[in-house]
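Summary of structural features
One letter stands for each residue in the lines below.
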There are 2 protein chains.
Amino acid sequence: MHHPGPPGPCGHPLHPVVRKLSAYGPLKTEEQAALAGLGAGGQRVDGRLDLLVEGAAPDSAVLVLEGIACRYRHRVSGARQITAYLLPGDLCDPDLVHVSRMTHTVGTLGPCRVARIPRETLAGLTERHPGIALALRRAKLAEEETTREWVMNVGCRSAIERVSHLLCELHARLQTVGWATSAGYDLPLTQQDLADTTGLSNVHVNRTLRQLRLMRLVEVGGKRVDILDLPGLQALAEFQPDYLRPADG
Amino acid sequence: MHHPGPPGPCGHPLHPVVRKLSAYGPLKTEEQAALAGLGAGGQRVDGRLDLLVEGAAPDSAVLVLEGIACRYRHRVSGARQITAYLLPGDLCDPDLVHVSRMTHTVGTLGPCRVARIPRETLAGLTERHPGIALALRRAKLAEEETTREWVMNVGCRSAIERVSHLLCELHARLQTVGWATSAGYDLPLTQQDLADTTGLSNVHVNRTLRQLRLMRLVEVGGKRVDILDLPGLQALAEFQPDYLRPADG
DNA sequence: CGTCGTCTTGATGATGTTCAATGACAGTGG
DNA sequence: CCACTGTCATTGAACATCATCAAGACGACG
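Residues numbered from 1 in each chain as written. Chains lettered and ligands numbered in written order. Predicted model: local features only at pLDDT ≥ 70, side-chain atom pairs only at ≥ 80, totals over all residues. Heavy atoms only, no water.

You'll find chain A entered in an unreviewed UniProt entry as HTH crp-type domain-containing protein, with Methylobacterium aquaticum given as the organism.

All names here are of chain A. Omega for the bond connecting C92 with D93 falls within 30 degrees of zero, at 10°, which places this linkage in the cis form. Mapped onto the fold, D93 is located in the loop between β6 (91-92) and β7 (105-108). At K223, a position not held by glycine, the phi torsion is positive, near 55°. On the secondary structure map, K223 appears in the loop between β11 (218-221) and β12 (224-227). Classification of K223 as partly exposed rests on a relative accessible area of 44%. (Helix = DSSP H or I, 4+ residues; strand = E, 2+ residues; numbered from the N terminus. Buried < 20%, exposed > 50% of the residue type's maximum accessible area, 1.4 Å probe, protein only.)

Every contact between the two is made by 41 residues of chain B and, on the other side, 41 residues of chain A. Here chain B packs against chain A, burying approximately 4,100 Å² in sum over the two surfaces, 53% of which is carbon and sulfur. On the chain B side of the contact with chain A, R75, H98 and R148 of chain B bury the most area, a combined 19% of that side's loss. Here chain B and chain A share nine salt bridges between them. One salt bridge in this structure joins E238 of chain B and R75 of chain A, with 3.1 Å as the shortest N-O distance. Run the count over chain B and chain A and you get 13 residue pairs in polar contact (both at pLDDT 80 or more). Counting only elements with at least two residues in the side of chain B that touches chain A, the list comes to β4 (69-74), β5 (80-86) and α4 (130-156) of chain B. Element by element, the count of residues in the side of chain B that touches chain A is highest for α4 of chain B, at 17 residues. Counted by class, the side of chain B that touches chain A contains 13 nonpolar, 10 polar and 18 charged residues. (Contact = heavy atoms within 4.5 Å. Buried area = accessible area lost by both parts, 1.4 Å probe. Salt bridge = Lys/Arg side-chain N within 4 Å of Asp/Glu carboxyl O. Polar contact = N/O pair within 3.5 Å; in protein donor to acceptor, adjacent residues only side chain to side chain. Nonpolar A, V, L, I, M, F, W, Y, C, P; charged D, E, K, R; others polar.)

Time to look at the relation of the copies chain B and chain A. Superposing chain B onto chain A takes a rotation of 180° combined with a translation of 0.0 Å along the rotation axis, leaving an RMSD of 0.0 Å. On the angle and the small slide along the axis, the relation comes out as a two-fold axis. For chain B, the smallest separation between a C-alpha atom and the rotation axis is recorded for V151 of chain B, amounting to 2.6 Å. Most of the interface of chain B is mirrored in chain A: 100% of its interface residues are interface residues there too. (Least-squares fit on C-alpha atoms with pLDDT ≥ 70 in both.)

With that settled, the discussion passes to the protein's contact with DNA strand C. Surrounding DNA strand C, one finds 14 residues, the nearest of these being Q191, N206 and R207 of chain A together with A159 and S201 of chain B. Near the protein, within 4 Å, the atoms of DNA strand C are sugar or phosphate in 55% of cases. At 2.4 Å, a side-chain N or O of R207 of chain A approaches a base nitrogen of DNA strand C. At the level of elements, α7 (202-214) of chain A together with α7 (202-214) of chain B are the ones that each hand at least two residues to the surface near DNA strand C. The element that contributes the greatest number of residues to the surface near DNA strand C is α7 of chain A, accounting for four residues. Looking at the surface near DNA strand C residue by residue, the class counts come to four nonpolar, seven polar and three charged. (Near = heavy atom within 4 Å.)

A few words on the UniProt feature "domain: HTH crp-type" (unreviewed entry) in chain A. Look at the UniProt record and you will see "domain: HTH crp-type" (unreviewed entry) annotated at residues 157-231 of chain A. Its end C-alpha atoms 18 Å apart, residues 157-231 of chain A is made of 55% helix and 17% strand. (UniProt positions renumbered as here; feature names shortened; annotations may be inferred.)

Near DNA strand D there are 14 residues, and of these L200, S201 and H204 of chain A together with Q191 and R207 of chain B occur at the shortest range. The contact in question runs from a phosphate oxygen of DNA strand D to an N or O atom on the backbone of S201 of chain A, over 2.9 Å. R207 of chain B is positioned with one of its side-chain polar atoms (N or O) 2.5 Å from a base nitrogen of DNA strand D. When residues of the surface near DNA strand D are traced back to their parent elements, those giving at least two are α7 of chain A together with α7 of chain B. Looking at the surface near DNA strand D, the element that brings in the most residues is α7 of chain B, giving four residues. The residue inventory of the surface near DNA strand D, partitioned by class, reads four nonpolar, seven polar and three charged.

Scanning all chains against the criterion turns up 40 salt bridges over all chains. One continuous salt-bridge network, built from bridges that share partners, spans K20, D90, E169 and R173 of chain A.

Residue and element names in this part refer to chain A. Packing of helix α6 (residues 191-198) against α7 brings their axes to within 8 Å, and their N-to-C directions diverge by 100°. Accordingly, the angle class assigned to the pair α6 and α7 is roughly perpendicular. Along the contact surface, α6 presents Q191, Q192, L194, A195 and T198, while α7 presents N202, V205, N206 and L209. Tallied by class, the residues present in the contact of α6 with α7 amount to four nonpolar, five polar and no charged. (Axes fitted to C-alpha atoms, helices over the stretch in contact; angles between N-to-C directions. Parallel < 35°, antiparallel > 145°, perpendicular 65-115°, else oblique.)

Here it is as structure tokens:
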């Protein structure tokens, strides 16, 4: 069982933000150092905790260092829809300069380590370091593509395809920040969380996971995802990872 | 029956881009003039025509002046998912500087009038006119919120709620650019298009529209949407238009 | 050791899909 | 002017997928 030990159990001893943004553009040594400095104020927080609540005026961005957070909203009926995952290295929300009121909530799923970045800090960073600014814009573009991919997912894929696609996306994203190997990754989510993400019921998510296990593609359980057959899983999901790197050729 | 006569059948004789961006921030007279100049190169194009195809490297942005276009993608099974609508005044895609290959296709639904904006023109515009740059960033923010709202829509709403919500969103967005009144708006889409948007089958969209008609909320047919009971429709859809103006208080 | 949350499984039923056929309508060419 | 054609809308019937309800098992934690 993996234990989240900084700075990532498998890979370079690098800050997740540096790893993530480096994937979107070259960063100078001083830019990497400036980014790594953001992790200094990291706080450990529990799971199921709201960091930015719907309706509030955000005063700072949130940087995820470890764990998994998400954006979500509730319907009046009580149904919850998760609209994005925030993984280590993800920054939410760089554009808060323009937002007066949050239209959704940002909260942790499992236990996390997060840092709050005041808007001035963020603004100074992008002004002084053009490489960071460029990488952030590309990362944001990838985030938009990802949301569109989620529309595809819930809009026109079957249950098993949705779950498979989600597992593939998490694997790809976690791998770039050093929190996943080809064997799998830790996933501190409940099946209800997966249901709220994929637009399925918790019961049906359970049955879908069982089916994936019987198909010898992937085993999900115990807060852990063990990948048995990555090509098979990706084929089932029609997973095309290029949407995660829209700036690449 | 409304006929699309420039510059919009109901409202100020203003360019749709000016109307749209003005909603996101004040524009100086010279900025409005610069924006209106973008419409000069407008071309009439047929419906069901692809403007930017998946996989290609975009060389220019597309500005919609009249009609409705969309972003979409096909699955290998042939199923299509529409991930966004592009209405008059919408610009796609201001950030093409960072995109090397399109991950989805942009095409018209009904007949349109569109203008291609070379990246240099766009870059010059935002450099010289800070008001335009700010409004564009806010418009993009609204676009992101809209995509998240679509995830909500297909993820956790029933068929009638999805269709109602879509009709409400189109009404609100078209109204700000002068192409809708409180009575309704022209909608040159087939029921299959609505199905590909909402993640339903064309047959079920048909039945859902009939139900909405029987409920005396809205009548959709003949390329036209006649709104009978806007508050009722919005209530059914739980429509909260604030996601279209994330920068407002 | 009891309690709570989560996972698991079965049974039942609602919601929405698929297939198929018909009707309405516009465009086209004779 | 009228048949011919194709697209879109509409409806019925059978079916599939997935949700809901309910109950038990399991594990973590006080």
